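Coordinate analysis (summary)
Spelled out from the first residue to the last, the chains are:
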Amino acid sequence: MKRKWMWVPLLSGLLLTACGEDEVPETPEAETAATETNETSKTNESDKNADEFEVALEGSFEHVHGMGYIENEEGLYFASHHGLKIYREGEWLETAEQLHDYMGFNAVDDGFYTSGHPGPGSTMQNPIGIQRSMDGGRSLKHMGFEGETDFHGMAVGYRSHHLFVMNPVQNSQMGPGYFRSENEGAEWQQVEGAGLEGTIYAFSMHPSDSQVIAAATTAGIFLSEDGGESFTLLTDDEKSGTAVFFSEEALYFATYGTQAELIKYTWENGEEQTVELPDLPEDGVLYIAQHPSNADEVAIYTAAGHAFISEQGGGNNWKQILNAGQVE
């Protein structure tokens, strides 16, 4: 138990690191961008080809706030404090533009949804509200709440593109609480989130069925099958939930009690399968992803800045691709 309580403040600090608005002060140019709603925002060089927009990454990176496979871009994307980092076919890349602090990042089949704060030289308002990209981050489409809200707690269906958010404070469209949208944010419906307890670290939505949502909190792993109206606890109270991810067939979730654990849970019949992790002393899983066309390829990112990929669904087959933030 002692190690759990050491882990909880460590995780909270990592999830909140680099997300303060004072780190990205607004400029006069940002203030003039208030009218740029529901339009595509591009840099002056957004028509670059892939080789120019994506450049080789050497060295290290930290402050990861999300991870996932983008099907039409064929890569594992990491949302960092300074733009996107990409692992593709054994090589590391990073974007040369759009170096935003991406929070609430959700990879989907044709791109990603995100919140966060604008990067250097950006004319977007701070915070950036909800943004949508369908070209690997080369451009961002404003979906609302710019200059109002940074959504750390956000889940998006990989194929449905339905959204679920935890709104921290009153904004122009919603009060504090849980909300969902099934039409790209044009309309939002409030839901109760009854049964959720503890500090929330992450949400995940089923790829196709947006009624199925999971949450990882300091109180454990919670599951909703009614669109977020109510949640039930899946784990015991000795473990803190640290990460959740849905495939079509199962929920992968990570916990930390006295050590890190990764479970594959089939919610339709309640079966649980423990996935053997690599050696993670005093470390735990923050993000989980599964390749959209290869169910055996599972990736994890940890609190210590390690990332691993297994091409055989876990077990003793993990390949380390990131070592304490240093690319491998």
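Residues numbered from 1 in each chain as written. Predicted model: local features only at pLDDT ≥ 70, side-chain atom pairs only at ≥ 80, totals over all residues. Heavy atoms only, no water.

**Comments concerning the pattern of salt bridges**
The full count for this structure, using the stated rule, is 10 salt bridges. Where Glu71 meets Arg159, a salt bridge forms, and the shortest distance between an N and an O atom there is 3.1 Å. Residue Glu71 is located in the loop between strand 3 (67–70) and strand 4 (75–80), and its partner Arg159 is located in the loop between strand 11 (154–156) and strand 12 (163–167); the two are separated by 88 residues in the primary sequence. A salt bridge links Glu184 to Arg132; the shortest N-O distance between them is 3.9 Å. With Glu184 in the loop between strand 13 (177–181) and strand 14 (189–191) and Arg132 in strand 9 (residues 131–133), the pair connects residues that are 52 residues apart, well separated along the chain. Residue Glu184 is classed as partly exposed on the basis of its relative accessible area, which comes to 36%. Several salt bridges share partner residues, and in doing so they unite Glu54, Glu73, Arg88 and Arg138 into one network. (Salt bridge = Lys/Arg side-chain N within 4 Å of Asp/Glu carboxyl O. Helix = DSSP H or I, 4+ residues; strand = E, 2+ residues; numbered from the N terminus. Buried < 20%, exposed > 50% of the residue type's maximum accessible area, 1.4 Å probe, protein only.)

**A closer look at the pairing of strand 5 (residues 83–88)**
Burial runs high along strand 5: 6 of the 6 residues are buried. Relative to strand 5, strand 4 is paired through 5 bridges, and the arrangement is antiparallel. For Phe78, the partnering residue across the bridge sits in strand 5 and is Lys85. The turn linking strand 4 back onto strand 5 is made up of 2 residues. In this antiparallel pair of consecutive strands, strand 5 and strand 6 (residues 91–95), the connection spans 2 residues, and Glu89 shows a positive phi of 50°. (Pairing = 2+ DSSP bridges.)

**Regarding the sheet that holds strand 20 (residues 251–256)**
Taken in spatial order, the 4 strands make up an open sheet running 19-20-21-22, and their pairing is antiparallel. The sheet is open, and its two borders are formed by strand 19 (240–246) and strand 22 (271–275), each paired with just one other strand. Here the strands of the sheet are splayed against their neighbours by 25° on average, with no regard to which way each runs. Here 6 bridges tie strand 19 to strand 20, and the two strands are oriented antiparallel to one another. Bridge pairing links Ser240 to Tyr256 in strand 20. (Axes fitted to C-alpha atoms, helices over the stretch in contact; angles between N-to-C directions.)

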